[in-house]
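Observations on the three-dimensional arrangement
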Amino acid sequence: MTLITQSNADPKPTISEVREQVDALYHQAEQATERYNAATDELAEVQRRIERAQASLERQQQAVDAVRAQIGAYASASYRSGGIVDPTLQTLLAESPEDFLAQASVMNAFAGQQAESLASAADVSRSYEAARLMADEELTRQQAVEATLETEKATVEQLLAEAQEILDQLEAEELAQLEEDREENAEVPDRGEDDEADEDEDTPTDPPPVSGRAGVVVEFALAQLGEPYAWGGDGPDSWDCSGLTSAAWAEAGVSLPRSSGSQIGVGTRVSKSQLEPGDLVFYYSPISHVGIYIGDGQIVHATHPGDVVSVDDVDLMPFAGATRPG
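Description of the structure in this document. All figures in this text were calculated on a predicted structure; none of them were measured in a lab.

Where helix 5 (residues 212–222) contacts helix 6 (residues 241–251), the two axes come as close as 8 Å, and the packing angle between them is 135 degrees. Judged on the interaxial angle alone, helix 6 and helix 5 are oblique. For the pair helix 5 and helix 6, the sense of crossing is right-handed. Facing helix 5, whose interface residues are Arg 213, Val 216, Val 217, Phe 220 and Ala 221, helix 6 presents Leu 244, Ala 247, Ala 248, Trp 249 and Glu 251. For the contact of helix 5 with helix 6, the class distribution of residues is eight nonpolar, no polar and two charged.

Rendered as structure tokens:
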């Protein structure tokens, strides 16, 4: 990314141009953050599969050990018998043919059992090998996901550093103008807060009362107003967008995936006209941002790097869909 700088050939960029470049970097960082969150979900699932594979491998090892013990017992008995006929059976033969035949029947039955054990040993061995291969594959997958996490982390940090370097070139008045320009260029007009009616600058109007699980979700999310955005943040003092939504719904007893792209697959899909408080609202294509609808055409969300959890118009960003968890 090439920073906007002033030179004799290039005039100083306008605040709008700076805003566009910084916002583009922030959006790319948020996309990378959500990829990081998705990889976090995937890593957790891989680790669960590793635990299952290792448990299966342990069971198969126990089965192998049991079959080996059976075969070893038979081998020892055969060795002691000197082959097929035990010396004691030879004595029984001389003394009582009937006793010899009875003992011979026992030996034949024992030999049949060992033949079955040998066949079982082959099956157990194959099962053990399959379990071992599965465990190895999952461990390899874990290494790949961990590498993805490192890559996305480095990407986010680089993008945020580039954005901050641009902002560091601005004077205080220019930074204030930048924020004003950002509000004016949002997809909807400024939300027009009434400072006399509402002392909280982050909340344009009092949201309508909500009960049940949705009420728990909305109450939790609004309690985080003013807390900073942090990539990968899942509380309790900083948040990214999907970290806030997953924590809010966890308060209501509903588990959500960690990334916005996965969260849209949870619950019942609803249209924008059907939105109710507590619903998750998703933005951009591919999906890279999510907020919680609180009623009156507003969402609460962890905004973007350098900003805080706030309440905004539901149409502030390009709408991509909505879902009702639970």
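Having seen the structure, we can now continue with the description.
Attention shifts here to the sheet that holds strand 6 (residues 319–324). Spatial ordering of the open sheet is given by 1-6-2-3-4-5, a layout of six strands whose pairing is antiparallel. Strands at the two margins of the open sheet, each flanked by one partner only, are strand 1 (268–270) and strand 5 (309–313). Mean inter-strand twist for the sheet, computed between neighbouring axes without regard to direction, equals 35 degrees. In terms of strand pairing, strand 4 (residues 298–302) meets strand 5 through five bridges, oriented antiparallel. Considered in strand 5, the bridge of His 301 is made with Ser 310. The sheet strands contacting helix 5 are strand 3 (289–295), strand 4 and strand 5, and the helix crosses strand 3 at an angle near 115 degrees. Of the strands in this sheet, strand 2 (280–283), strand 3, strand 4 and strand 5 touch helix 6, which is tilted by about 45 degrees from strand 3.

It is worth spelling out the environment of Ser 262 at this point. Examined against the element boundaries, Ser 262 turns out to sit in helix 7 (residues 260–263). For Ser 262, a relative accessible area of 32% puts it in the partly exposed group. On a C-alpha basis, the gap between Ser 262 and Ile 287 in space is 9.2 Å, while along the polypeptide they are 25 residues apart. Setting aside chain neighbours within four positions, we find Ser 262 in contact with Asp 41 and Pro 257. Reaching out from Ser 262, the side chain makes a polar contact with the side chain of Ser 259 at a distance of 3.1 Å.

Rules used in this analysis
- Per chain, residue numbering runs from 1 following the sequence as it is written.
- Per-residue local features are limited, in this predicted model, to residues with pLDDT of at least 70; the limit for side-chain atom pairs, both in listing and counting, is 80 or more; totals at the level of whole chains, interfaces and linings are taken over all residues.
- Excluded from the side-chain calculation are hydrogens and water; included are all heavy atoms of the structure.
- Axes here refer to lines fitted to C-alpha atoms; in helices the fit is confined to the stretch in contact. Angles between the N-to-C directions go from 0 to 180 degrees.
- Under the DSSP-based scheme used, a helix requires at least four consecutive residues in state H or I and a strand at least two consecutive residues in state E, with every element numbered from the N terminus.
- Roughly parallel here means an angle under 35 degrees, roughly antiparallel means over 145, roughly perpendicular means 65 to 115, and every remaining angle is called oblique.
- By definition, any crossing whose near helix is turned counterclockwise from its far helix by less than a right angle is left-handed, and any crossing with a clockwise turn is right-handed.
- The criterion used for residue contact is that any of the two residues' heavy atoms lie within 4.5 Å.
- Residues are grouped as follows: nonpolar covers Ala, Val, Leu, Ile, Met, Phe, Trp, Tyr, Cys and Pro; charged covers Asp, Glu, Lys and Arg; every other residue, Gly included, is treated as polar.
- Following DSSP output, two strands are said to pair if at least two bridges run between them.
- Think of it in three bands: with a 1.4 Å probe and only protein chains considered, a residue is buried below 20% of the maximum accessible area for its type, exposed above 50%, and partly exposed in between.
- N or O atoms closer than or at 3.5 Å make up a polar contact, with two conditions inside protein: a donor-capable atom paired with an acceptor-capable one, and, for residues adjacent in sequence, both atoms drawn from side chains.

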